[in-house]
Amino acid sequence: MKIGDRHYRSIWLSEDDETVEIIDQTRLPHELVIASLASLEDAAVAIETMQVRGAPLIGATAAWGFALAMAADSADEAVATTRDRLIRTRPTAVNLRWAVDRCVAGLARLPQGERRDAARSIALAVCDEDVAINAAIGEQGSRLLLDIVSRGSLDRPLSILTHCNAGWLATVDWGTALAPIYRTHDAGIPIHVWVDETRPRNQGASLTSWELMSHGVPHDVIVDNAGGHLMQHGLVDVVITGTDRVSAAGDVCNKIGTYLKALAARDNGIPFYVALPSPTIDWTVKDGREIPIEERAAEEVTHITGCDDEGVTRRVRLTPEKASARNFAFDVTPSRLITGLITERGVCPASVSGLGALFPEMAE
Ligand code: MRU
């Protein structure tokens with residue numbers, strides 16, 4: 001995607017051909033800072049501290065972490081310790097495990113001397129495939145949005161509500177939930193996006209809004225609790241979110257608050273779609289309630305960071321000094337509340353048979 005005149009991916013091999021560069025997402029939207037990853041530990045810490053985040057980008061960063069690790073030491077023991085270090089970074093997005101397993105499977109059978117180059121090839125392939133998959137999700141989802149426009153009698157732009165950031169910053173490029181939005185906007189169809197701020201880390205307010213603004217997509221940031229009210233008043237035509245892990249039966253784990261949006265959408269008869277690349281499907285999990293939910297530091301709830309009127313980034317406390325807080329990062333929306341899953345192969349019902357029909361090679 002473009003920032004100004006320059007095309008960026010969210011992660012790339014640097015010109016020195018040895019380090020990997022990322023956009024440091026903890027600094028957005030106030031500063032565009034490019035950070036350099038030179039080691040496995042740099043990659044692992046970037047995932048843990050959410051300099052990179054979003055399920056597909058976490059997977060891509062893990063693959064690059066593997067490549068950086070193999071450049072330093074490609075012994076059998078290093079393959080095992082690299083896997084363990086990366087798997088520990090964040091628990092919920094299954095793309096992490098998918099990418100790490102792909103690296104291990106691709107490297108373990110090779111002689112040690114070939115692992116460095118092979119790991120780099122795997123990382124490049126994971127990134128290129130992610131871009132192609134998300135471009136396809138954009139096409140599939142845009143068809144769906146055009147269909148909603150052509151069936152309705154809208155006297156205003158098509159209104160889409162999204163939660164968290166499932167844009168190009170959350171992937172290598174294009175995004176998942178935002179890919180159909182970009183494509184539809186680029187096709188000249190008038191659209192408007194309601195952007196949930198997404199407390200506590202505010203991925204909507206800081207990242208989605210920044211992305212949409214860079215691309216010229218009309219949008220408004222709203223507080224997380226506004227969605228139901230807007231739906232009751234006919235101001236939302238469709239909801240599209242991303243996801244961190246989908247069960248084989250179509251239950252969707254995504255950023256905390258997604259479930260409440262799905263409930264409100266169901267109560268108001270509004271279609272609720274989830275966009276996902278196939279590496280986000282966990283074929284080993286049937287019931288979404290089995291998915292591990294990350295609990296992050298309480299400080300993310302008790303404190304907030306922003307830019308003051310002088311342009312200085314500051315962290316301030318919201319709560320009484322010793323207030324206790326809990327920070328559940330994700331929730332699970334049951335498949336029955338989901339109108340359809342938008343994948344790179346098409347749109348399907350959120351069910352075993354729906355996913356099985358699109359991915360017969362993966363279904364039991
Ligand atoms: O905690 P985050 O910012 O990594 O959570 C991201 C999300 O929940 C996204 O909606 C999800 O990863 C889909 S990204 C295409």
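Residues numbered from 1 in each chain as written. Predicted model: local features only at pLDDT ≥ 70, side-chain atom pairs only at ≥ 80, totals over all residues. Heavy atoms only, no water.

Q: What is the right way to look at helix H9 (residues 258-267) in this model?
A: In an α-helix, one turn spans 3.6 residues; hence positions three or four apart end up facing the same way. Buried residues of H9: Thr258, Lys261, Ala262, Ala264 and Ala265, and no others. One face of H9 carries all of its buried residues, which in axial projection span an arc of 165°. Across H9 from its buried face, at more than 90 degrees, point the exposed residues Leu260 and Asp267. Two residues or fewer past H9, Gly269 is found with a positive phi of approximately 65°. (Buried < 20%, exposed > 50% of the residue type's maximum accessible area, 1.4 Å probe, protein only. Helix = DSSP H or I, 4+ residues; strand = E, 2+ residues; numbered from the N terminus. Arc of directions from axis to C-beta.)

Q: Sorry if this is basic, but what is going on with the pattern of salt bridges here?
A: A pair can form between side chains of opposite charge whenever their charged atoms are brought close. Going through the model one piece at a time under the given rule, you end up with 21 salt bridges. Note that Asp117 and Arg116 form a salt bridge whose closest N and O atoms lie 3.3 Å from each other. Here Arg326 and Glu295 are joined by a salt bridge, their closest N and O atoms 2.5 Å apart. Residue Arg326 is located in the loop between strand E15 (313-317) and strand E16 (330-333), and its partner Glu295 is located in the loop between strand E13 (281-282) and helix H10 (299-302); the two are separated by 31 residues in the primary sequence. Look at Glu295 and you get partly exposed, because its relative accessible area is 40%. Taken together, the shared-partner salt bridges connect Arg90, Arg201, Glu294, Arg296 and Glu300 into one network. (Salt bridge = Lys/Arg side-chain N within 4 Å of Asp/Glu carboxyl O.)

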